[in-house]
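Here are the chains, one letter per residue:
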Amino acid sequence: MSQTPDEQPLSFPRHSARTQRFTLGQPRSVAVAEDGSRVVFLRSGSGTDPANALWVYDVLAGEERLVADATALLGAGEDELPPEERARRERLREGAGGIVAYAIDPSASVASFALSGRLFLADLTSGEVTELPTAGPVVDPRVDPTGTRVAYVTGGALHVVERSGGTSVELAGEADEQVGWGLAEFIAAEEMDRMRGYWWAPDGQQVLAARVDESPVQRWHIADPANPDRPAQDVGYPAAGTANAVVTAAIVDLDGGKVEIAWDVSDLPYLVSAGWPRERPPFVVVQSRDQRRLIVLEVEPQTGATTVAREDADPTWVDINPGVPAWLGDGRLVWLADAAETRRLFVGDEPVTPDGLQVSAVLGTGTDWVLLEASTEPVESHVWRWSPHGLEQVTTVPGIHRAVAGGDVVALASATLDRVGTRWSISVAGAEVAELVSYAEQPRIQPAPTLLRTGDRELRTALLLPSDGVRPSGPLPVVMDPYGGPHAQRVLSARSAYLSSQWLADQGFAVVIADGRGTPGRGPAWDRTVAFDLANPVLEDQVDALHGVAKQHPGELDLDRVGIRGWSFGGYLAALAVIRRPDVFHAAVAGAPVTDWRLYDTHYTERYLGHPDERPDAYAGSSLLEDAHKLERPLMLVHGLADDNVVFAHTLRLSSALLAAGRAHTVLPLSGVTHMTPQEVVAENLLLLQVAFLKESLGGF
């Protein structure tokens, strides 16, 4: 970022917050036309501009074109979002603005999107953008596969409007405010990565739509104590052991006729995903509440009757994997399933990837090919292509790679250790022809992680030391900086993953990041080591990683001054560490920690700890409240008062337990902040306050 002579350079915390961790201005949400003619993507106008615009890269012409700009369409007014859209963005951890999502037809000829609750349709060939009439504020508009009409949700009802205009028609809706059509419920969006609630038929004449009845879900009230004149927000939150929303689905005609899809909802209550492939029947994927069964059901559209296309079972849990089910042109099912120690790609009933190659996602399918994300090394992620001719590794440079494809065109995203940011390249028939322009700013610090394997379990671990010129002499105080739980890795072959950790190291610390048991990338058995115990394995691995790094770097780490910080599961792990292992950890900053797993949601918590009525010992053994009296080290608890994922009650209950036990601690409440901290000043000062707390607590600075 350039400054005038009178301006001071931004601090890293402020710069990181202003650029949303240096992601603004990068291409994102990339899609490819099925014939490879166009690549569609979002990008904001600069590295500090949060408003995304819609762009097209014309492969034949080799040119980028701006199609739709939010400011031009809305003017300078603030983007006013429907409550359902705000909730959707919170589930996505979406901090940007402008056009944050769009939908295209298979040929990428038209795109639909919402701005400030208004519905727009863009012709991606001519560049013309038109606004369509709606019955109310729009959420999740999706153009149909023929490009002639757009469906959307408003007021809990599913509507459709013709591209040529005219009156919007309600397809499915009910007077009951607790019942909605066409949107994902909290559990699906937060824990299953299902962000949508309806799917068009290939001919655009019908819609497979989810119906969500929230009436069984308990109501929680999230207040804003800083503004007592405002009423508390009423939210449905299905905490572990309590009732979920009842989710069913139907085939809906354009005239509003409905055929209910038949499956045993009481036995298989979770709607994991759904779709309507071309030249195939629609499908739904459903799961039992204990998550030990996952079934793919194909649907007969005229009757709603279902037949089993695939059923998986596991005594612990069955994983939900991105990109499946899918089908090849010959009708064979594309699926990911566990075989011994490896998650493998199955085509039909045959595993087509080898043992040891952990497949994490299917990225796309064609008539006779599958694009997949997989790796033999958990700190890396590569793009592979399977076809009847064999398995080919598309990317080989160490890093985190993903891709989307259409025809013989592949759009490849690569994040590596030699640069900050993600590079999007366009290849035709295997030859790179272009790179999508990025306007992202570059930080003034350049992380230099040392990637290690530590301990008997060869824990993937990163060590960051102060940059040249700022390193103090002697052994350094240590800050462990983990996430450490299921669903997320911190130790990756990508420089961008270490920006905040490098800045923290530059404040005079040795920063250690470790991915322990339960984190992704090392296979099914590794994932399941945390079953019914979210405390002991993850904490033991942080201790082992710390000692392993100290052994490999003798004299560099001061093990008498060890802090730990984290957010969400990482916050839970930080508080757990300082409470249960004060012999190792001497101070902790716990951000948005889960302190009592009975307060967290059904799908996540019951997956790992079981039902609380059946496994009370698992909940007690993983709770921070049970051990609050053991705290003897400095602990700072940080929590957003508006958090509707890990609610503020978690921190309040732990603080109350600590107070009852006479244990001193610090609580930093963040007014108006959710599970994200996108506010620039909050994000900056939060980092600064953490460093000040750790320095004061660990001493010697």
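It should be noted that the structure appears before, not after, this text.
Residues numbered from 1 in each chain as written. Predicted model: local features only at pLDDT ≥ 70, side-chain atom pairs only at ≥ 80, totals over all residues. Heavy atoms only, no water.

A. Inspection of the overall build of the protein at higher detail. Of the regular secondary structure elements, the protein holds twelve helices and 44 strands. Since a compact globule built from 701 residues should have a radius of gyration of about 27 Å, the 25 Å found for the protein is in line with a globular shape. Restricting to contacts in the protein with at least 6 residues of sequence separation, those with at least 24 account for 59%. Looking at the protein as shown, the accessible area adds up to about 27200 Å², and 49% of this sits on carbon and sulfur atoms. Distance between charge centres in the protein, computed from 58 positive and 95 negative side chains, equals 4 Å. (Helix = DSSP H or I, 4+ residues; strand = E, 2+ residues; numbered from the N terminus. Rg over C-alpha atoms; globule rule 2.2 N^0.38 Å. Contact = heavy atoms within 4.5 Å. Areas by Shrake-Rupley, 256 points an atom, 1.4 Å probe, with all protein chains shown as cover. Lys, Arg positive; Asp, Glu negative; His and termini not counted. Charge placed at Lys NZ, Arg CZ, Asp CG, Glu CD.)

B. Region of interest: the pairing of strand 22 (residues 283-287). In terms of residue burial, strand 22 counts as a mostly covered element, since five of its five residues are buried. Where strand 21 (residues 270-275) lies against strand 22, five bridges are found, and the strand directions are antiparallel. Paired with L271 across the bridge in strand 22 is V286. Of the strand pairs in this sheet, strand 22 and strand 23 (residues 293-299) are connected by five bridges, and their pairing is antiparallel. Directly across from V284, in strand 23, lies its bridge partner L297. Connecting strand 22 to the antiparallel partner strand 23 that follows it, the hairpin turn spans five residues, and Q291 within it adopts a positive phi of roughly 65 degrees. (Buried < 20%, exposed > 50% of the residue type's maximum accessible area, 1.4 Å probe, protein only. Pairing = 2+ DSSP bridges.)

C. How the structure looks around the packing of aromatic side chains. All chains considered together, the criterion is met by 16 aromatic pairs. Measuring from ring centre to ring centre gives 4.5 Å for W220 and Y237, while their planes differ by 10 degrees; the resulting arrangement is stacked. Of this pair, W220 sits in strand 17 (residues 219-222) while Y237 sits in the loop between strand 18 (233-236) and strand 19 (246-253), and the two are 17 residues apart along the sequence. The interplanar angle of 85 degrees and the centroid separation of 5.9 Å between the aromatic rings of W597 and Y600 together place this pair among those described as edge-to-face. Here W597 matches Y600 in class, with each residue buried. Clustering of aromatic rings is evident, with ring pairs tying together W317, Y483, F569, Y572, W597, Y600, Y604 and Y608. One cation-aromatic arrangement involves R310 over F346; the distance from NZ or CZ to the ring centre is 5.4 Å. A cation sits over an aromatic face here: R598 above Y619, 5.5 Å from the ring centre. (Phe/Tyr/Trp six-rings, centres within 6.5 Å; stacked < 30°, edge-to-face > 60°. Lys NZ or Arg CZ within 6 Å of the ring centre and 35° of its normal.)

D. Structural view of the pairing of strand 11 (residues 149-154). The element strand 11 is extensively covered by neighbouring structure, given that six of its six residues are classed as buried. Going residue by residue along strand 11, you find R149, A151 and V153 tucked away on one face and V150, Y152 and T154 tucked away on the opposite face as well. Bridging between strand 10 (residues 139-143) and strand 11 involves three bridges; their strand directions are antiparallel. Across the sheet, the residue bridging to V139 is V153, located in strand 11. Linking strand 10 to strand 11, which pair antiparallel, is a turn of five residues; within it G147 sits at a positive phi near 75 degrees. As paired elements, strand 11 and strand 12 (residues 157-162) share six bridges and run antiparallel to each other. What sits directly across from V150, in strand 12, is V161. Hairpin connection of strand 11 to strand 12: two residues between the antiparallel strands, including G155 at a positive phi of 55 degrees.

E. Looking closely at empty space enclosed by the protein. Scanning all chains against the criterion turns up two cavities of 30 Å³ or more. The space that makes up the largest cavity amounts to roughly 90 Å³. Lining the largest cavity are 13 residues; nearest its centre among them are E185, I187, P238, N244 and A245. Elements with a minimum of two residues in the lining of the largest cavity: helix 4 (186-191) and strand 21. Within the lining of the largest cavity, the residues separate by chemical class into nine nonpolar, two polar and two charged. Considering only enclosed or pocket space, the second largest cavity measures out at about 40 Å³ in volume. Every residue along the wall of the second largest cavity is listed here: P378, R460, Q489, D515, T519, P520 and R522. The residue makeup of the lining of the second largest cavity, split by class, is two nonpolar, two polar and three charged. (1 Å grid on protein atoms, 1.4 Å probe; cavity = no way out; pocket = protein on both sides within 12 Å on 5 of 7 lines; lining within 4 Å. Points joined across faces, edges and corners; volume = space filled by probe spheres on them. Nonpolar A, V, L, I, M, F, W, Y, C, P; charged D, E, K, R; others polar.)

F. Local environment of the sheet that holds strand 27 (residues 342-347). Judged by pairing direction, the sheet is antiparallel, and its four strands sit side by side in the order 25-26-27-28 without closing on themselves. Sheet topology places strand 25 (326-327) and strand 28 (350-351) at the edges, where each strand pairs with a single neighbour. Pairing geometry for strand 25 and strand 26 (residues 333-339), over two bridges, is antiparallel. Across the sheet, the residue bridging to A326 is V334, located in strand 26.

G. Spatial organisation of the sheet that holds strand 21. Read from one edge of the open sheet, four strands run 21-22-23-24, paired in antiparallel fashion. Whereas interior strands pair on both sides, the edge strands pair on one side only; in this sheet they are strand 21 and strand 24 (306-313). Sheet twist, expressed as the average angle between the axes of neighbouring strands with direction ignored, equals 20 degrees. (Axes fitted to C-alpha atoms, helices over the stretch in contact; angles between N-to-C directions.)

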